[in-house]
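# Report on the structure
Given next are the chains, with one letter for each unit.
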Amino acid sequence: MKSKTGSIFNIQRFSVHDGPGIRTTVFFKGCPLSCWWCHNPECRSEFNIPQNNRYNKKFATGELLAEIKRDRIFYEESGGGVTFSGGEPLMQPAFLKTMLVLCKEEGLHTAVDTSGFGNQEDFRILAKNAELWLFDLKIMNSAEHLKYTGVGNKIILSNLELLLSEQVNLIIRIPLIPGITATSENIQKIVVFLSSFSHKPKVNLLPFHRIADGKYEKLGLQNKMLKTPGNSQKDSEKLKDIFLAGGFDCEINA
Ligand code: SF4
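Read on for an overview of the structure. (Residues numbered from 1 in each chain as written. Predicted model: local features only at pLDDT ≥ 70, side-chain atom pairs only at ≥ 80, totals over all residues. Heavy atoms only, no water.)

## Concerning the pattern of salt bridges
As a reminder of what qualifies: By salt bridge we mean one thing: a side-chain nitrogen of Lys or Arg within 4 Å of a carboxyl oxygen of Asp or Glu. To qualify as a helix, a DSSP run of H or I must reach at least 4 residues; to qualify as a strand, a run of E must reach at least 2; elements of each kind are numbered from the N terminus. Note on classification: 1.4 Å probe, protein chains only; a residue is buried when its accessible area is under 20% of the maximum for its type, exposed when over 50%, partly exposed between these limits.
Using the criterion set out here, one finds 14 salt bridges in the structure. When the shortest N-O distance is used, the salt bridge between K69 and E106 registers 3.4 Å. Pair noted here: K69 is in helix α1 (residues 61-69) and E106 is in the loop between α3 (93-105) and β5 (109-114), with a separation of 37 residues, a long-range link. On the accessibility criterion, E106 (27% relative accessible area) is partly exposed. The partner of E121 in a salt bridge is R124, and the shortest N-O contact between them spans 3.2 Å. With E121 and R124 both in helix α4 (residues 120-126), this residue pair falls 3 residues apart, about one helical turn.

This is the structure in structure tokens:
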């Protein structure tokens, strides 16, 4: 297979929250969204200069595969694998596809963590190439989605619809951002939307943590979440109960 080059801003080994088992998470550079609560603001394209810096490393497919394979023994022992995240991995669809195919040939379990904002044809092509999709859902009201993430949600919902109709293995991930995504009204709307599909996906709720404050300061970016407190366990449980009442398998991640 012809080698391609991709832009990667981080590789995290021994991840335990991005799919089953112990995983290597590969963070693709670039994201079309600009969520107020983003934990990885360094993924944005503006941190691109010079071309090969600590926030933007170029990898050939074979080179990245060798990095991923270094921890094969841990994947085998834990039922883990590799997760392609970002940023938005669908912004580099050809590179992503080649990596998924190469990993499959090596017998490595693959997951793609996506914002859902991407070209529908790319989603169609890639749908069956990943063994697991981690699909982020944020806000059901499109105007609010635009306000807090920089894009409306129409494309995202339509790509989710496509993946669900293809019956891929998919987990919905919802960041619980106090007062923004983590409201009963928003969660209720997500339940209604997801209930319209014949197959009910699993749902993971991701509580908000203030772990990125230092990054915003270092990069000189405005941190719009500076005054937002973390979620209380009680509030997260209440939102989880809405999913359980709707018949969904729902967990709160650490
Ligand atoms: S979609 Fe994810 S990576 Fe992109 S800006 Fe939002 S939180 Fe950050």
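After presenting the structure, the write-up continues.
## Points about a nonpolar patch on the surface
Definition in use: Residues forming no salt bridge and having over 30% relative accessible area are the ones grouped into patches, like charges within 9 Å of each other and nonpolar side chains (Val, Leu, Ile, Met, Phe, Trp, Tyr) within 5 Å. The Shrake-Rupley method, run with a 1.4 Å probe, gives the accessible areas here. Residue values count only the displayed protein chains as cover.
A grouping of F14, I73 and F74 is seen on the molecular surface, where their side chains present a nonpolar patch of about 280 Å² in accessible area. Secondary-structure assignment places F14 in strand β1 (residues 5-15).

## As for the side chain of N40
Put simply, the rule reads: By definition, residues are in contact when any of their heavy atoms lie within 4.5 Å.
Mapped onto the elements, N40 comes out in the loop between β2 (23-28) and β3 (57-60). With residues up to four places along the chain from it excluded, the contact list for N40 reads F9, F27, G86 and K215.

## Some details on the packing of α1 against α3
What counts, and what does not: To obtain each axis, a line is fitted to C-alpha atoms, and for helices this fit is confined to the stretch in contact; angles are then taken between N-to-C directions over 0 to 180 degrees. Just so you know how the angles are binned, under 35 degrees is roughly parallel, over 145 roughly antiparallel, 65 to 115 roughly perpendicular, and the rest oblique. Crossings are assigned a handedness: left-handed for a near helix turned anticlockwise from the far helix by less than a right angle, right-handed for a clockwise turn.
Relative to each other, α1 and α3 sit at 50°, their axes nearing to 10 Å. Classed by the angle they form, the pair α1 and α3 counts as oblique. Here the hand of the crossing between α1 and α3 comes out right-handed. Residues T61, L64, L65 and I68 of α1 pack against F95, T98, M99, L102 and C103 of α3.

## Things to note about the packing of aromatic side chains
For clarity, the cut-off: Each Phe, Tyr or Trp ring, with Trp reduced to its six-membered ring, pairs with another whose centre is within 6.5 Å; inter-plane angles below 30 degrees give stacked pairs, above 60 give edge-to-face pairs, and intermediate values give tilted ones. By the criterion adopted, a ring carries a charge over it if an Arg CZ or a Lys NZ lies within 6 Å of its centre and within 35 degrees of its normal.
On inspection of all chains with the given rule, the structure shows 8 aromatic pairs. Each ring, one from F9 and one from F27, has its centre 5.6 Å from the other, and the planes form 45°; the classification is tilted. Here F27 lies in strand β2 and F9 lies in strand β1, a separation of 18 residues in the sequence. In terms of burial, F9 and F27 fall into one category: buried. Cluster of aromatic residues (ring-pair linked, three or more members): F28, F84 and F95. K200 extends its terminal NZ or CZ atom over the ring of F248, reaching a point 5.2 Å from the ring centre.

## A word on the sheet that holds β5
What holds strands together in a sheet is hydrogen bonding between their backbones, with the strands either parallel or antiparallel. Here is the rule: Paired strands are those between which DSSP finds at least two bridges.
If you walk across this open sheet you meet the 9 strands as β3-β1-β2-β4-β5-β6-β7-β8-β9, and the pairing is mixed. The sheet is open, and its two edges are formed by β3 and β9 (250-252), each paired on a single side. Ignoring strand direction, the axes of neighbouring strands in this sheet form an average angle of 30°. Summarising the sheet, β1 and β2 pair through 5 bridges and their orientation is antiparallel. Bridge pairing in β2 links Q12 to T25. Here helix α9 (residues 233-245) sits on the sheet in contact with β7 (170-176), β8 (202-207) and β9, set at roughly 170° to β9.

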